There are 2 protein chains.
Amino acid sequence: MFMGASTKQGYDIANKSREIVRSLIKNDIGGLSPAEQDIVERIVHSTADPEYAKLVSISSDFVENSLKALKNNENILTDINMVKSGITQYEGNVDCYIKNQEVIDLAKNQKITRAAAAIQFAADNDFKGIIAVGNAPTALYKAIELYELGELDIASIVGVPVGFVGAADSKQALKSTSIPNIITEGPKGGTPVAVACVNSLIQTMKKD
Amino acid sequence: MFMGASTKQGYDIANKSREIVRSLIKNDIGGLSPAEQDIVERIVHSTADPEYAKLVSISSDFVENSLKALKNNENILTDINMVKSGITQYEGNVDCYIKNQEVIDLAKNQKITRAAAAIQFAADNDFKGIIAVGNAPTALYKAIELYELGELDIASIVGVPVGFVGAADSKQALKSTSIPNIITEGPKGGTPVAVACVNSLIQTMKKD
């Protein structure tokens, strides 16, 4: 299994695509470790947008902490189901609580978004692992808040929410914490970026 | 429900984002109908990438044929589960067969990708409706092939596969058919683009 390909035909396409991606971004990723390079290559592969090689910022402890969590089969928590459904090769749990009735009630009562309430719900239910935010800045802010209160056990955050309202600020807020993290600078990000990053880590973990 | 928002907080964010999107792309979408403008705005909203306003190409019969199919509760077929899981507000069926065992066997036997085999499987099982391809050029080529053989009853195709190998060519191939279609020119596209387009159509249908 390589980048979602499961037939020779799919593998050939993925392989050729990866070669093109490498040639497009090689000058941007020279300073990264092989595992970090793999993350960025997958992000560019899955978006066909080489600009991401300039937008990605990875904290120095991100890969190591993430791999450790994955090896321990810790949970992966996603903000939306689209991100969850892209993570298909992990032995551990991949959870998303945004449609959970308790989360819906919590959002109403606390006047917060469902995405934020879903993070609160995970914290209340002893979540431990990696958080992947591909959509909602409010989920990212809530994760940072609970981490700083000591109420959320986070190994790392894939913080790549997308949009023109709050996304860029939320990613800068994450970058300035001590949480091991990967972000994309500016408004761009989203489901394919979050999924590419998590799947890259899973494949690196399996190769180790 | 507006663009995935289900709380006042979520709605406010989505609304503000839409205003920003409109101001960024208004010069690119002036010639489009309101329903077409909504599609492009949602694509830019969900990717935070205004370049999409220049890349989207919509056939003149796309919106009308798509709305007719949605009103008749025809099926929506997606190439991958990530696209399927983003389409949450439709009363009819949203199907993806890529993990179906018969599809896996078909791919092996015919030496085609699973994504292409899944389209073949849908045709063999009397699919009728809209096809949304957010990932695999091979799925798009297979849909075009079966349509031209008269073996697949397609109302319209959302053809926005992503990648550096085959994606751009497959979209040009779709554009040159008589199938009502929307594409993005070049390598860019993907799950958020496909989902934004389908969800826009569903909301327009519900407003009608």
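Just above sits the structure.
Residues numbered from 1 in each chain as written. Chains lettered and ligands numbered in written order. Predicted model: local features only at pLDDT ≥ 70, side-chain atom pairs only at ≥ 80, totals over all residues. Heavy atoms only, no water.

**Q** How would you summarise unusual backbone geometry if you had to cite specific residues and measurements?
**A** Residue and element names in this part refer to chain B. Here Ala48, not a glycine, exhibits a phi torsion of approximately 55°, which is positive. Mapping Ala48 onto the fold places it in the loop between helix H2 (34–47) and helix H3 (52–55). Accessibility expressed as a relative area gives 4% for Ala48, which makes it buried. (Helix = DSSP H or I, 4+ residues; strand = E, 2+ residues; numbered from the N terminus. Buried < 20%, exposed > 50% of the residue type's maximum accessible area, 1.4 Å probe, protein only.)

**Q** Account for the environment of A:Tyr90, with residues named and values stated.
**A** All names here are of chain A. Note that Tyr90 resides in the loop between helix H5 (81–86) and strand E3 (94–95). On a C-alpha basis, the gap between Tyr90 and Asp126 in space is 20 Å, while along the polypeptide they are 36 residues apart. Every residue in contact with Tyr90, bar those within four places of it in the chain, is listed here: Ala69, Leu70, Asn73, Glu74, Ile76, Ile202 and Met205. (Contact = heavy atoms within 4.5 Å.)

**Q** Account for the packing of helix H4 (residues 62–71) of chain B against helix H10 (residues 191–207) of chain B, naming residues and giving values.
**A** Residue and element names in this part refer to chain B. Relative orientation of the contacting elements H4 and H10 amounts to 70°, with a least axis distance of 10 Å. Classified by the angle their axes make, H4 and H10 are roughly perpendicular. Helix-helix and strand crossings are classified by hand; for H4 and H10 the assignment is right-handed. Every residue of H10 that contacts H4 at Phe62, Val63, Ser66, Leu67, Leu70 and Lys71 is listed here: Cys197, Leu201, Ile202, Thr204 and Met205. Among the residues making up the contact of H4 with H10, the classes are represented as 8 nonpolar, 2 polar and 1 charged. (Axes fitted to C-alpha atoms, helices over the stretch in contact; angles between N-to-C directions. Parallel < 35°, antiparallel > 145°, perpendicular 65-115°, else oblique. Left-handed = near helix turned anticlockwise from the far one by under 90°. Nonpolar A, V, L, I, M, F, W, Y, C, P; charged D, E, K, R; others polar.)

**Q** Outline the relation of the copies chain A and chain B, supporting the account with residue identities and numerical values.
**A** Mapping chain A onto chain B calls for a rotation angle of 180° and an axial translation of 0.0 Å; the resulting RMSD is 0.0 Å. Within this description, the copies of the chain are treated as partners about a two-fold rotation axis. When C-alpha distances to the rotation axis are compared across chain A, the minimum falls at A:Met82, with a value of 2.6 Å. In this assembly, 100% of the residues forming the interface of chain A have copies in chain B that are likewise at the interface, indicating an isologous arrangement. (Least-squares fit on C-alpha atoms with pLDDT ≥ 70 in both.)

**Q** Residues and numbers for the sheet that holds strand E1 (residues 56–58) of chain B, please.
**A** All names here are of chain B. With mixed pairing, the 6 strands of this open sheet are ordered in space as E1-E6-E5-E4-E2-E3. Each edge of the open sheet carries a strand with a single partner, namely E1 and strand E3 (94–95). Each of E1, strand E2 (75–78), strand E4 (128–133), strand E5 (153–159) and strand E6 (181–184) touches H4; the most contacted strand, E5, lies at about 120° to it. (Pairing = 2+ DSSP bridges.)

**Q** I'd love a proper account of the side chain of A:Asp79, names of residues and values included.
**A** Residue and element names in this part refer to chain A. Relative to the helices and strands, Asp79 resides in the loop between strand E2 (75–78) and H5. Of the side chains with opposite charge, Lys171 lies nearest to the buried Asp79, which makes no salt bridge, at 11 Å. For Asp79, the side chain forms a polar contact with the main-chain nitrogen of Gly134, separated by 3.0 Å. (Lys, Arg positive; Asp, Glu negative; His and termini not counted. Salt bridge = Lys/Arg side-chain N within 4 Å of Asp/Glu carboxyl O. Polar contact = N/O pair within 3.5 Å; in protein donor to acceptor, adjacent residues only side chain to side chain.)

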